[in-house]
Amino acid sequence: FDMFFLAFVERLFRPTFKKDDLVLGKKLGEGAFGVVYRASLAKKPSSKVPYQKEGDLVLKKATEYGAVEIWMNERVRRACANSCADFVHGFLENSSKKGAEYWLIWRYEGEATLYDLMQSKEFPYNVETMMLREVQDLPRGLERENRIIQTIMRQLLFALDGLHSTGIVHRDFKPQNIIFSEGSRTFKIIDLGAAADLRVGINYIPKEFLLDPRYAAPEQYIMSTQTPSAPSAPVATALSPVLWQMNLPDRFDIYSAGLIFLQMAFSGLRSDSALIQFNRQLKRCNFDLNAWRKSIEPRASSDLRKGFELLDLDGGIGWELLTSMVRYKAGQRISAKGALAHPYFDREGLLVLSLMQ
Ligand code: ADP
Ligand code: MG
């Protein structure tokens, strides 16, 4: 079957929403390209709509980029549904005073993003509590924190691997765009507004101004400038697997994921200002994490020292993973799949490794 035919059939059987079906609640966020609200269904929806019992929804009213975001969410819900927030429906709303807007509806996943959770002094124990997977045999301390961070990293990489295997690069992977789903008790990715679908060539030209400089990899553009710009869709379909191999655009997200790993390990790097300062230091070290470590460790605060200690557990396997994600050259960064197979996530592997030392 043709992918577009399948998409069409799926749409036929999925009821649609209209503007009047929704009651807007609290504003959850406001960016340059849209406003996000909590929402619920009207008591008497004008059209036959699903999710009547679930109730809690999220609505994004987006500008012109909403079209791309709808495309990405439709793709994700068919190809890797568990990676991202549960998308319900997206449509063009023409009746707004501000002109045409795209409205996107998701299921409300929960109240906390990874960013919110990381701002708490309790992190990462607050996450452990929400996952209800207490590591009871361990007292509070580095070992237990490391295990929680491992669990979070595994979930993030799993979700990223889903996106990347689908041919989608997120390009705005950061704690603010990772939501804790209270239903599945796992982290899910949100905000596909800056994403690129390389297999079909949607949003092919990188919109560098959409990228968050705090988490962006040094190459900034996911494709080299040699890449022909904006090929027509069929050409992109034919070429993109090759381009994927050549330029490894997925490694852009891996760099961002590495910075999130870093922030989880180092409590002193969790604030925006500390991350910006870290980025400056790393740039001065030519993006060599080991060089950064050498320059910083002798005069490190106790916060920073604790981070190094955590990543040095089990023969430094955490530090090894981190340094294979945060590298200057995209081609030298590990893939999401590769990272999931890294011994950092493998308890038995850890044991073998420590016995060998
Ligand atoms: P923006 O373009 O404003 O960054 P996002 O898609 O990142 O839009 O959403 C903004 C905020 O809304 C998120 O940081 C999160 O707090 C909340 N949010 C978005 N989607 C969901 C969802 N499915 N469930 C719960 N909260 C959500
Ligand atoms: Mg966002």
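Throughout, residues of each chain are indexed from 1 in the direction in which the sequence is written. Key to labels: chains lettered from A, ligands numbered from 1, both in the order written. Totals for whole chains, interfaces and linings use all residues, but because this is a predicted model, local features are given only for residues with pLDDT of at least 70 and pairs of side-chain atoms are given and counted only at 80 or more. Based on all heavy atoms of the structure, the side-chain values leave hydrogens and waters out of the count.

**Points about the site of ligand 1**
And step 1. Definition of nearness: a residue and a molecule or strand are near each other if at least one heavy atom of the residue lies within 4 Å of the molecule or strand. Inspection of the region around ligand 1 gives 17 residues, with Lys60, Arg107, Glu109, Asn177 and Asp191 positioned closest.
And step 2. Between ligand 1 and the protein, one listed contact pairs a nitrogen atom with a backbone N or O atom of Glu109 at 2.9 Å.
And step 3. Pairing of N or O atoms within 3.5 Å defines a polar contact, subject to two protein rules: one partner must be a possible hydrogen donor and the other a possible acceptor, and residues neighboring in sequence count only if both atoms are side-chain atoms. Contacts to ligand 1 include Asp191, whose side-chain N or O atom sits 2.9 Å from an oxygen atom.
And step 4. Protein contact buries 84% of the 550 Å² of open area that ligand 1 shows by itself. A 1.4 Å probe and the Shrake-Rupley method give the accessible areas. Residues count as covered only by the protein chains that appear here.

**Observations regarding the confidence of the model for the protein chain**
And step 1. Averaged over every residue, the pLDDT of the protein chain is 85; the share at 70 or more is 77%.
And step 2. Scored by ipTM, the complex comes to 0.99, with pTM at 0.88. The predictor attaches a confidence to each residue, called pLDDT, with possible values from 0 through 100.

**Notes on the coordination of the magnesium ion (ligand 2)**
And step 1. At 2.2 Å from the magnesium ion (ligand 2) lie its protein donor atoms, namely Asn177 (OD1) and Asp191 (OD). Pair noted here: Asn177 is in the loop between strand S6 (168-169) and strand S7 (178-181) and Asp191 is in the loop between strand S8 (186-189) and strand S9 (196-197), with a separation of 14 residues, a long-range link.
And step 2. The buried label applies to any residue whose accessible area, calculated with a 1.4 Å probe on protein chains only, is under 20% of its type's maximum; exposed applies above 50%, and partly exposed to all values in between. Classification of Asn177 by relative accessible area gives buried; the value is 5%.
And step 3. For Asp191, a relative accessible area of 25% corresponds to the partly exposed category. Coordinating donors are taken to be N, O and S atoms lying within 2.8 Å of the metal, or within 3.2 Å when the metal is Na, K or Ca; because water is excluded from the atom set, some sites may appear incomplete. A run of H or I in DSSP becomes a helix once it reaches four residues, and a run of E becomes a strand once it reaches two; helices and strands are each numbered from the N terminus.

**Quick word on the nonpolar core**
And step 1. In these notes, a set of buried Ala, Val, Leu, Ile, Met, Phe, Trp, Tyr and Cys residues joined through side-chain atoms within 4.5 Å is what counts as a nonpolar core. One finds Ile152, Phe187 and Trp292 to be the most contacted residues of the largest nonpolar core, which totals 73 residues.
And step 2. Note on contacts: a residue pair is in contact if any heavy atoms of the two residues lie within 4.5 Å. When residues no more than four places from it in sequence are discounted, the contact partners of Ile152 are Leu114, Phe123, Val127, Met131, Phe187 and Met264.
And step 3. Membership of the second largest hydrophobic core comes to 10 residues, among which are Phe17, Ala39, Val88 and Phe91.

**Some details on the sheet that holds strand S1 (residues 22-31)**
And step 1. Strands qualify as paired when DSSP identifies two bridges or more between them. What the five strands build is an open sheet, ordered S1-S2-S3-S5-S4; its pairing is antiparallel. The sheet is open, and its two borders are formed by S1 and strand S4 (87-93), each paired with just one other strand. The average angle at which neighbouring strand axes cross in this sheet is 25°, direction not considered.
And step 2. Sheet topology places strand S2 (residues 34-41) next to strand S3 (residues 57-62); six bridges connect them, and they run antiparallel. If you follow Val35 over to S3, its bridge partner there is Lys61.
And step 3. Set on the sheet, helix H2 (residues 66-79) makes contact with S3, S4 and strand S5 (101-107); between it and S5 the angle comes to about 30°. Structural elements are reduced to axes, namely lines fitted to C-alpha atoms, with helices fitted over the stretch in contact, and the angle between N-to-C directions of any two is expressed from 0 to 180 degrees.

**Some thoughts on the environment of Ile179**
And step 1. Residue position: Ile179 is located in strand S7.
And step 2. Classification of Ile179 as buried rests on a relative accessible area of 11%.
And step 3. On a C-alpha basis, the gap between Ile179 and Glu109 in space is 7.1 Å, while along the polypeptide they are 70 residues apart.
And step 4. Discounting chain neighbours no more than four positions away, the residues touching Ile179 are Glu109, Gly110, Ala112, Thr113, Thr186, Phe187, Lys188 and Ile190.

**Details of the packing of aromatic side chains**
Both the distance between ring centres and the angle between the ring planes are used here to describe each pair of aromatic rings.
And step 1. Here a Phe, Tyr or Trp ring, Trp counted by its six-membered ring, pairs with any other such ring whose centre lies within 6.5 Å, and the pair is stacked when the planes are under 30 degrees apart, edge-to-face when over 60, and tilted otherwise. Per the stated rule, a full pass over the model turns up 12 aromatic pairs.
And step 2. Judged by centre distance (4.9 Å) and plane angle (80°), the ring pair of Phe266 and Phe308 falls under edge-to-face. Highlighted residues: Phe266 in the loop between helix H7 (251-265) and helix H8 (272-284) and Phe308 in helix H10 (residues 302-325), separated in sequence by 42 residues.
And step 3. For Phe266, a relative accessible area of 0% puts it in the buried group.
And step 4. You can call Phe308 buried: its relative accessible area is 1%.
And step 5. Aromatic side chains Tyr344 and Phe345 sit 5.1 Å apart centroid to centroid with 70° between the ring planes, which places their arrangement in the edge-to-face category. Across this residue pair, the class does not change: Tyr344 and Phe345 are buried.
And step 6. Here the aromatic residues Phe266, Phe278, Trp292, Phe308 and Trp319 are joined through ring pairs into a cluster of three or more.
And step 7. Over the aromatic face of Tyr125 sits the side chain of Arg140, whose NZ or CZ is 3.9 Å from the ring centroid.
And step 8. To sit over a ring, a charge needs its Lys NZ or Arg CZ within 6 Å of the ring centre and within 35 degrees of the ring normal. Over the aromatic face of Trp319 sits the side chain of Arg293, whose NZ or CZ is 4.8 Å from the ring centroid.

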